[in-house]
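For reference, the chains in residue letters:
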Amino acid sequence: MAKEKTQYTCNECGGSSPKWLGKCPHCNAWNTLIESVAESTAPAKNRFASLAKTAEVTTLADIDATDVQRTPTGHDELDRVLGGGIVEGGVVLIGGDPGIGKSTLLLQALDSLQRSGQKTLYVTGEESGAQVAMRSRRLGLDGSQVSVLAEIQLEKILATLDHVRPAIAVIDSIQTVYSEQLTSAPGSVAQVRECAAHLTRAAKASGTAIVLVGHVTKEGALAGPRVLEHMVDTVLYFEGDTHSSFRLIRAIKNRFGAVNEIGVFAMTERGLKGVSNPSAIFLSQHSEPVPGSCVMVTLEGTRPMLVEIQALVDSGGPSPRRLSVGLDRDRLAMLLAVLHRHAGVACMDQDVFVNAVGGVRISEPAADLAVMLAITSSLRGKALPKGFIAFGEVGLAGEVRPAPRGQERLKEAAKLGFSVAVVPKANMPKKNDKAFEGLTIHPVERIEDAMTQVRNLD
């Protein structure tokens, strides 16, 4: 196949140049020219023609909509994040820090799928076949029949996919694959975009589910163009500290399931094992309640999860510090101002440190009430009652706003044996439910009401 000509297109104005220039000759913008395949003037068939299927205009009511078939991977936590399993022809992009367990988990999933009768293919561009075999033996996957291809040339990978016709294929990683149609190095913006587009087209045309492993930048974002995330069906992020044994997989985008869903895994000598009760990880085991600790119920996708919020208030200098781990620092500063104005709790000369136990990141505002109660508990030096939980959003006017799906949060707390809850008044259950047995619920409307309720419980 003759190599196609390349050109350089400006990201700002769309102008083209036959060679790379530091400054675009059309709009004078710097460093905006990116290599791409030049469009041929001959009436040749476009390489993405198979994606553009002809269809008639149809109303929504006349379209026969059926649920997509899913294939379980054999790992419940991974299936939860994917929305139930692998979808035929779906493209999944999974990214994470080096050494966090991306290749390990996918090799385990491929082995489970192969043992259930599915045809699988593992394409490795970073390791040799012998290295993959050594890893599988370390994981205890003896006698695994997963097909392995050590290749980084896109055209050969596509030819193998067409010949083998696997049910699921893993490309590890997309940054190592290159196409002969471009002269740029593997991992460049043009190569990643072109290779991902071809693999996506192959998945949709053949029905093979493809999982792309992606590198991340030092800021934590997926390396390559942002269009890579728009192109695929599902985007998963590996989270967690490599020094910790626990890993979290979060769905950032999912066309076949819930976004922000998380799966929790524990790294063992035999690979990653799913954690069925993640609340146990994020709760410290105190023999007696300690000051500065408050448990909240957060929602990760469709899963309610109990997380311990810890606060430490200590005497500071002329410029006190405000530090939070796992929570938004700007929101912490706002909550301290609300605490001072509406509850009369002043921390202007105190250092305030807040931490979400277990390395989990909490982005929802329902953590506000738990953070403020933990700070007050640390400042007073008095622990909150045993079996105490709280959740709710706090506004600048001091009002406590309801958290979404509060009934599910309360049921999860009652199921795990918690006995006292301070929640927004709008989240108070409307009727007596056996699911809340043993849990005394105190509804509050304002932050000063919450402080009063907590003092009365001491």
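Residues numbered from 1 in each chain as written. Predicted model: local features only at pLDDT ≥ 70, side-chain atom pairs only at ≥ 80, totals over all residues. Heavy atoms only, no water.

1. Points about the sheet that holds strand 1 (residues 6-10)
Alright, step 1. Pairing in this open sheet of three strands is antiparallel, and the strands run 2-1-3 from one edge to the other. The sheet terminates laterally at strand 2 (16-17) and strand 3 (33-37), the two strands that pair on one side only.
Alright, step 2. By the bridge criterion, two bridges tie strand 1 to strand 2 in an arrangement that is antiparallel. Each residue of the ladder has a partner; that of tyrosine 8, found in strand 2, is serine 17. (Pairing = 2+ DSSP bridges. Helix = DSSP H or I, 4+ residues; strand = E, 2+ residues; numbered from the N terminus.)

2. Structural notes on the state of the cysteines
Alright, step 1. This structure, assessed with the given rule, holds zero disulfides.
Alright, step 2. Distance from the sulfur of cysteine 24, which forms no disulfide, to the nearest cysteine sulfur (cysteine 10) is 3.7 Å.
Alright, step 3. Classification of cysteine 24 as buried rests on a relative accessible area of 1%.
Alright, step 4. Free cysteine: cysteine 294, not disulfide-bonded; nearest cysteine sulfur from cysteine 347 at 15 Å. (Disulfide = S-S within 2.5 Å. Buried < 20%, exposed > 50% of the residue type's maximum accessible area, 1.4 Å probe, protein only.)

3. Side note on the packing of helix 7 (residues 329-343) against helix 8 (residues 368-380)
Alright, step 1. At their nearest, the axes of helix 7 and helix 8 sit 10 Å apart, and the two run at 65° to each other. Of the two possible hands of crossing, helix 7 and helix 8 adopt the one that is right-handed. Here Arg331, Leu332, Leu335, Leu336, Val338 and Leu339 of helix 7 come into contact with helix 8, specifically with Asp368, Val371, Met372, Ile375 and Thr376. (Axes fitted to C-alpha atoms, helices over the stretch in contact; angles between N-to-C directions. Left-handed = near helix turned anticlockwise from the far one by under 90°. Contact = heavy atoms within 4.5 Å.)

4. Some details on the packing of aromatic side chains
Alright, step 1. Evaluation of the coordinates by the stated rule reveals zero aromatic pairs.
Alright, step 2. Seen from the ring of phenylalanine 391, arginine 409 lies directly overhead, with NZ or CZ sitting 5.6 Å from the centre. (Phe/Tyr/Trp six-rings, centres within 6.5 Å; stacked < 30°, edge-to-face > 60°. Lys NZ or Arg CZ within 6 Å of the ring centre and 35° of its normal.)

5. Describing the pattern of salt bridges
Alright, step 1. Tallying each qualifying case throughout the model produces 20 salt bridges.
Alright, step 2. Notably, a salt bridge pairs glutamate 261 with arginine 80, separated by 3.9 Å at the nearest N-O pair. One end of the pair, glutamate 261, is in the loop between strand 12 (246-254) and strand 13 (262-268); the other, arginine 80, is in helix 1 (residues 76-82), with 181 residues separating them in the sequence.
Alright, step 3. Residue classification places arginine 80 among the partly exposed positions, given a relative accessible area of 33%.
Alright, step 4. Close ionic contact of arginine 115 with aspartate 111 constitutes a salt bridge, the shortest N to O distance being 2.6 Å. Note that arginine 115 and aspartate 111 are positioned in helix 2 (residues 102-115) at a spacing of four residues, about one turn of the helix. (Salt bridge = Lys/Arg side-chain N within 4 Å of Asp/Glu carboxyl O.)

6. Describing the side chain of glutamine 108
Alright, step 1. Positionally, glutamine 108 belongs in helix 2.
Alright, step 2. Only 2.9 Å separates the side chain of glutamine 108 from the backbone nitrogen of leucine 272, close enough to count as a polar contact.
Alright, step 3. Residues within four places of glutamine 108 in sequence aside, it is in contact with His75, Leu139, Leu141, Arg270, Gly271 and Leu272. (Polar contact = N/O pair within 3.5 Å; in protein donor to acceptor, adjacent residues only side chain to side chain.)

7. Thoughts on helix 7
Alright, step 1. Across its 15 residues, helix 7 extends 20 Å between first and last C-alpha, which sits within 8% of the 21 Å expected from 1.5 Å per residue.
Alright, step 2. Here helix 7 has its buried residues at Leu332, Leu335, Leu336, Val338, Leu339 and Ala343. Buried residues along helix 7 cover an arc of 165° about the axis, so they all sit on one side. In helix 7, those exposed residues whose orientation departs by more than 90 degrees from the buried face are Asp330 and Arg341.
Alright, step 3. Measuring from the backbone nitrogen of aspartate 330 back to the side-chain oxygen at the start of helix 7 gives 3.5 Å, which picks out aspartate 328 as the cap.
Alright, step 4. Two residues or fewer after helix 7 comes glycine 344, characterised by a positive phi angle close to 70°. (Expected span 1.5 Å × (residues − 1). Arc of directions from axis to C-beta.)

8. Describing the sheet that holds strand 8 (residues 147-150)
In a beta sheet, neighbouring strands pair by backbone hydrogen bonds and run either parallel or antiparallel.
Alright, step 1. Ordered by their spatial adjacency, nine strands build an open sheet running 8-7-9-10-6-11-12-13-14, and the pairing between neighbours is mixed. Whereas interior strands pair on both sides, the edge strands pair on one side only; in this sheet they are strand 8 and strand 14 (271-274). The mean angle between the axes of side-by-side strands here comes to 25°, regardless of whether they run parallel or antiparallel.
Alright, step 2. Relative to strand 9 (residues 168-172), strand 7 (residues 120-124) runs parallel, the two sharing five bridges. By the bridge assignment for strand 9, threonine 124 is matched with aspartate 172.

9. Quick look at the environment of leucine 82
Alright, step 1. By the secondary structure assignment, leucine 82 is in helix 1.
Alright, step 2. Given the relative accessible area of 6%, leucine 82 is considered buried.
Alright, step 3. Note: C-alpha distance between leucine 82 and threonine 234 (152 residues apart in sequence) is 7.6 Å.
Alright, step 4. When neighbours within four sequence positions are excluded, leucine 82 is seen to be in contact with Arg70, Thr73, Val92, Thr234, Leu236, Asn254 and Phe256.

10. A look at the nonpolar core
Alright, step 1. Grouped together as the largest cluster of nonpolar side chains are 48 residues, with contacts concentrated most on Ile309, Val354, Ile362, Leu369, Leu373, Ile375 and Phe388.
Alright, step 2. In terms of residue count, helix 8 provides more of this core than any other element does, seven residues in total.
Alright, step 3. Ignoring any residue separated from it by four or fewer positions in sequence, one finds leucine 369 in contact with Ala390, Phe391, Gly392, Val394, Val400, Val422, Ile447 and Ala450.
Alright, step 4. Judged by nonpolar contacts, the second largest core, of 29 residues, contains Ile86, Leu139, Val211 and Leu236. (Core = buried A, V, L, I, M, F, W, Y, C linked by side-chain atoms within 4.5 Å.)

11. Thoughts on helix 5 (residues 189-206)
Alright, step 1. Between its first and last C-alpha, helix 5 extends 26 Å over 18 residues, near the 26 Å set by a 1.5 Å rise per residue.
Alright, step 2. Listing the buried residues of helix 5 in full gives Ala190, Gln191, Val192, Glu194, Cys195, Ala196, Ala197, His198, Leu199, Thr200, Ala202 and Ala203.
Alright, step 3. Structurally, helix 5 contributes buried residues whose contacts are with strand 3, strand 6 (91-95), helix 4 (154-164), strand 9, strand 10 (209-214) and helix 6 (227-231).
Alright, step 4. Positive backbone phi, at 85°, marks glycine 207, one or two positions downstream of helix 5.

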